[in-house]
2 protein chains.
Amino acid sequence: MVSKEEKSEETRQEIMEATFRALCKHGYANLTMQKIANESNKSKSSLHYHYDTKENLIVEFIEYLLEGFREVMVPNKENPLDRLNGLIDRMLYGLEENEDPEKFHTALIELSSQAPYQKSIRDQISINDNEIHRIIAEIIEEGIDEEVFREVDPDVVASLIISTIDGGRLRQISTNQEASDEVRHSLDQFINSYLLLDH
Amino acid sequence: MVSKEEKSEETRQEIMEATFRALCKHGYANLTMQKIANESNKSKSSLHYHYDTKENLIVEFIEYLLEGFREVMVPNKENPLDRLNGLIDRMLYGLEENEDPEKFHTALIELSSQAPYQKSIRDQISINDNEIHRIIAEIIEEGIDEEVFREVDPDVVASLIISTIDGGRLRQISTNQEASDEVRHSLDQFINSYLLLDH
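Here's what I pulled together on the structure shown here. Remember, it's a predicted structure, so these values are computed and weren't measured experimentally. (Residues numbered from 1 in each chain as written. Chains lettered and ligands numbered in written order. Predicted model: local features only at pLDDT ≥ 70, side-chain atom pairs only at ≥ 80, totals over all residues. Heavy atoms only, no water.)

## Re the overall build of chain A
Rules: A run of H or I in DSSP becomes a helix once it reaches four residues, and a run of E becomes a strand once it reaches two; helices and strands are each numbered from the N terminus. Atoms counted for the radius of gyration: C-alpha only. Globule rule: 2.2 Å times residue count to the power 0.38. Using a 1.4 Å probe on the protein chains alone, a residue whose accessible area is under 20% of its type maximum counts as buried, one over 50% counts as exposed, and one in between counts as partly exposed. What sets the accessible areas is the Shrake-Rupley method with a 1.4 Å probe; for residues, cover comes only from the shown protein chains. Only four residue types enter the charge count: Lys and Arg as positive, Asp and Glu as negative, with His and the chain ends excluded. Each charge is placed at NZ for Lys, CZ for Arg, CG for Asp and CD for Glu.
Along its length, chain A carries nine helices and zero strands. Against the globule reference of 16 Å for 199 residues, chain A gives a C-alpha radius of gyration of 18 Å, in line with a compact fold. For chain A, the spread of C-alpha atoms along the three principal axes comes to 60 × 40 × 30 Å. Counting over 199 residues, chain A shows a buried share of 55%. For chain A, the exposed surface amounts to about 9100 Å²; the carbon and sulfur share of it is 46%. Averaging the locations of the 21 positively and 40 negatively charged side chains of chain A gives two centres separated by 7 Å.

Set out below in C-alpha cells:
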C-alpha cells in the first residue's frame, strides 16, 4: 500500500468523488470497492493499491467531507448572521447544487450507525463533529464581539445548533415529515427571538 | 398468520421484550427471527405464526415503544417544567433503569437509516415522531397557560427540542463526545434563559 502522500491530489479527488456518488446510489451497507470503482475511471485493484480496506477509504472520505465543508465556510467577509444562516442551509440542504441531500444524509446516518463498532470511523466523525462545533462557536463569538448576538455561551449554543441540524437530518430521512424545513424554521425563530440582540 | 387481536397481550409483551433485548445485543442489521426467539420462551416458528415477516414484527415493536413512552408520560400531576425535563431525560438516557441507552439508540438509528427503503417502518416512525412532537407541544402550551413559559409558538419549540434530542442521541453513539450530557446542558440553558418566564 502506498502512503497518502504518494498518490496525486487528482487521484484522491477522483476516488473521493466516486465514493460520494457510490454512497448516494447504494448506501453504506451495500457499498463495495467494486461499486466505487464503477463510479470512477479506476479499477478495483487500483483502489486497493491506494486504500487497503473499505474502512480506510471511508475514513479518508469523512475527512474529505470536512475539507469541503471548511472550504465553503472560509469566506469570512459576510456578517456573522449570514454566515450562521449559510452554514445551517448547507448542512440541511447540501453543500453542492447537484447533490441529493436526502440520499447523501441517509448514507451518512448509516455510516454513523456503524461508528459504535468501527473505531477509526468514530474517531474521524468525532474530528468532523468537533470542528463543525468549533466553527459554529466561532461565528457566535464573532457575533457577540460585533454586538449582533446577545452574550450567550458560544459552546452551549453551538451544541444546540449542531444537534438540532443532525436531528433534523435524521428525522427528514426516517419520517414522512418535512423535518429539514421544520428545523430551518425553528432555528430561524431561535436566532431571531433569542440570539439576535435587540437594537 | 393470526391477526393482532388473536394473540394474547402476554404473548405480545413477551415477544416485544425479546425484540428489545435482541436489538440491543445484535443491532438491527444482524437481527433475525431466530435471535429474537433466542431471547424469548417462544420458538422461531411460533414467532412466524404471529408475525409473517421481520419487518411486520419491527413495525409493531416501534408502535410498542410509543405505547411505553405514552405510559411513562401520562402522569399529568407534575408541573410543565418538571414534565418537560423528565421527557428530555427519558429520551436521552432511556426509559427503563436496566436499559443501556447507547446500545438501544444505536439500534434505533440503524433502524431509522433503513426507513427510506422500508415504507412500513418509515410510516410507523412518522407516527411516533408526530406523537412525541404533539406531547412536547402540549406540555409547552400548558406551561404558557400556567404562565410558567413565555408565549412562544409551541410547535416551533417542540420541533427544536425533539430535533436536538435526536441529534444528541446520534452524536452520542457516533462520536467520542459526551453528546447526551452536552445536549442536556444546552437544553437546560435554553429552557432557563429563553422558555421560562421571568418572575
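## Quick word on the interface of chain B and chain A
Operational definition: What makes two residues a contact is simply this: any of their non-hydrogen atoms within 4.5 Å. Buried area is a sum: the accessible area each of two parts loses on coming together, probed at 1.4 Å, counted once for each and added. Salt bridge criterion: a side-chain nitrogen from Lys or Arg within 4 Å of a carboxyl oxygen from Asp or Glu. For the purposes of these results, a polar contact is taken to be a pair of N or O atoms within 3.5 Å, where, inside protein, one atom must be able to donate a hydrogen and its partner to accept one; residues adjacent in sequence count only when each atom of the pair is a side-chain atom. Classification convention: Asp, Glu, Lys, Arg as charged; Ala, Val, Leu, Ile, Met, Phe, Trp, Tyr, Cys, Pro as nonpolar; all other residues, Gly among them, as polar.
With 42 residues of chain B at the interface, the matching set in chain A holds 42 residues. Across the interface of chain B and chain A, roughly 3500 Å² is buried in total on both sides, 56% from carbon and sulfur atoms. Our enumeration of links across chain B and chain A arrives at two salt bridges. Note that R171(B) is salt-bridged to D129(A), the shortest N-O span being 2.7 Å. For the interface between chain B and chain A, the tally reads 23 residue pairs in polar contact (both at pLDDT 80 or more). Secondary structure elements with two or more residues in the side of chain B that touches chain A: α6 (101–114), α7 (119–145), α8 (154–174) and α9 (179–195) of chain B. By residue number, the principal contributor to the side of chain B that touches chain A is α8(B), which donates 13 residues. A class-by-class count of the residues in the side of chain B that touches chain A yields 14 nonpolar, 21 polar and seven charged.

## What to know about the side chain of T19(B)
Among the secondary structure elements, T19(B) is positioned in helix α1 (residues 9–26). Among residues more than four places away in sequence, those in contact with T19(B) are I36(B), L57(B), I58(B) and F61(B).

## Structural notes on the pattern of salt bridges
If you walk through the whole model with that rule in mind, you get 28 salt bridges over all chains. One salt bridge in this structure joins E39(B) and K25(B), with 2.8 Å as the shortest N-O distance. Here the residue E39(B) occupies a position in the loop between α2 (33–38) and α3 (44–50), and K25(B) occupies one in helix α1, the gap between them amounting to 14 residues. Note on E39(B): relative accessible area 16%, which makes it buried. Classification of K25(B) as exposed rests on a relative accessible area of 57%. With its nearest N and O atoms 3.0 Å apart, the salt bridge here joins R171(B) to E182(B). Highlighted residues: R171(B) in helix α8 and E182(B) in helix α9, separated in sequence by 11 residues. R171(B) sits in the buried class, given a relative accessible area of 1%. Here the salt bridges do not stand alone but share partners, grouping E9(A), R12(A), E60(A) and E67(A) into one network.

## With respect to a negative patch on the surface
Quick reminder of the rule: Patch criteria: residues need more than 30% relative accessible area and no salt bridge. Like-charged residues are merged within 9 Å; nonpolar side chains of Val, Leu, Ile, Met, Phe, Trp and Tyr are merged within 5 Å.
Taken together, the side chains of E141(A), D145(A), E146(A), E147(A), E151(A), D153(A) and D155(A) present a region of like negative charge at the surface. In this structure, D145(A) sits in helix α7 (residues 119–145).

## Here's the deal with α1(B)
Residues and elements named next belong to chain B. Rules: Here a helix's expected span is defined as the number of its residues, less one, multiplied by 1.5 Å.
When the terminal C-alpha atoms of α1 are compared, their 25 Å separation across 18 residues agrees well with the 26 Å that a helix rising 1.5 Å per residue should span. Restricting attention to buried positions, one finds in α1 the residues T11, R12, I15, M16, A18, T19, F20, A22, L23 and C24. For α1, the secondary structure elements touched by its buried residues are α2, α3, α4 (54–73) and α6. Positioned one or two residues after α1, G27 has a phi angle of 75°, which is positive.

## Digging into the side chain of S163(B)
On the secondary structure map, S163(B) appears in helix α8. Among all residues touching S163(B), those that are not within four sequence positions of it are S163(A), T164(A), G167(A), G168(A), R171(A) and V183(A).

## Quick word on the relation of the copies chain B and chain A
Operational definition: Alignment of copies: least-squares fit on C-alpha atoms of residues with pLDDT of at least 70 in both copies.
For the pair chain B and chain A, the superposition axis carries a translation of 0.0 Å, the fit reaches an RMSD of 0.0 Å, and the rotation angle comes to 180°. Here the two chains are linked by the operation of a two-fold rotation axis. Here 100% of the contact residues of chain B are again contact residues in chain A; the copies associate through an equivalent surface.

## Considerations on the packing of helix α8 (residues 154–174) of chain A against α6(B)
The description of two packed helices rests on the angle between their axes and on the distance between the axes. Defined as follows: In this analysis an axis means a line fitted to C-alpha atoms, helices contributing only their contacting stretch, and an angle means the value between N-to-C directions, from 0 to 180 degrees. Each angle is binned into one of four classes, with values under 35 degrees roughly parallel, values over 145 roughly antiparallel, values of 65 to 115 roughly perpendicular, and all other values oblique. Note on convention: the crossing is left-handed when the near helix lies turned anticlockwise from the far helix by less than a right angle, right-handed when the turn is clockwise.
Closest axis-to-axis distance for the α8(A)/α6(B) pair is 8 Å, and the angle between their directions is 50°. Taken together, the axes of α8(A) and α6(B) are oblique relative to one another. Viewed along their axes, α8(A) and α6(B) form a crossing whose handedness is left-handed. On the side of α8(A), the interface is formed by L170(A), I173(A) and S174(A), while α6(B) contributes I109(B), S112(B) and S113(B).

## Structural notes on the packing of aromatic side chains
Aromatic ring pairs: the centre-centre distance and the angle between the two ring planes describe each pair. Our working rule: Ring pairs shown here join Phe, Tyr and Trp side chains whose ring centres sit within 6.5 Å, with only the six-membered ring taken for Trp; geometry is labelled stacked below 30 degrees between planes, edge-to-face above 60, and tilted in between. For a lysine, the NZ atom is tested; for an arginine, the CZ atom; a charge sits over a ring if that atom is within 6 Å of the ring centre and within 35 degrees of the ring normal.
Tallying each qualifying case throughout the model produces eight aromatic pairs over all chains. Note on Y194(A) and Y194(B): the rings are 5.5 Å apart at their centroids and 75° apart in plane angle, and the pair reads as edge-to-face. Separated into two different chains, Y194(A) in helix α9 (residues 179–195) and Y194(B) in helix α9 make up a pair that spans both. Assessed through its relative accessible area of 8%, Y194(A) is described here as buried. Ring centres of F20(B) and F104(B) lie 4.8 Å apart, and the angle between their planes is 45°; on these two criteria the pair is classed as tilted. Taken together, the residues span a long stretch of sequence, with F20(B) in helix α1 and F104(B) in helix α6 at a distance of 84 residues. Judged by relative accessible area, F20(B) falls into the buried class, the value being 18%. Taken together, the ring pairs in this structure connect F190(A), Y194(A), F190(B) and Y194(B) into an aromatic cluster. In this structure, K54(B) packs its charged tip against the face of Y28(B), placed 4.7 Å from the ring centre. Note that R150(B) overlies the ring of Y194(B), its terminal NZ or CZ placed 4.5 Å from the centroid.

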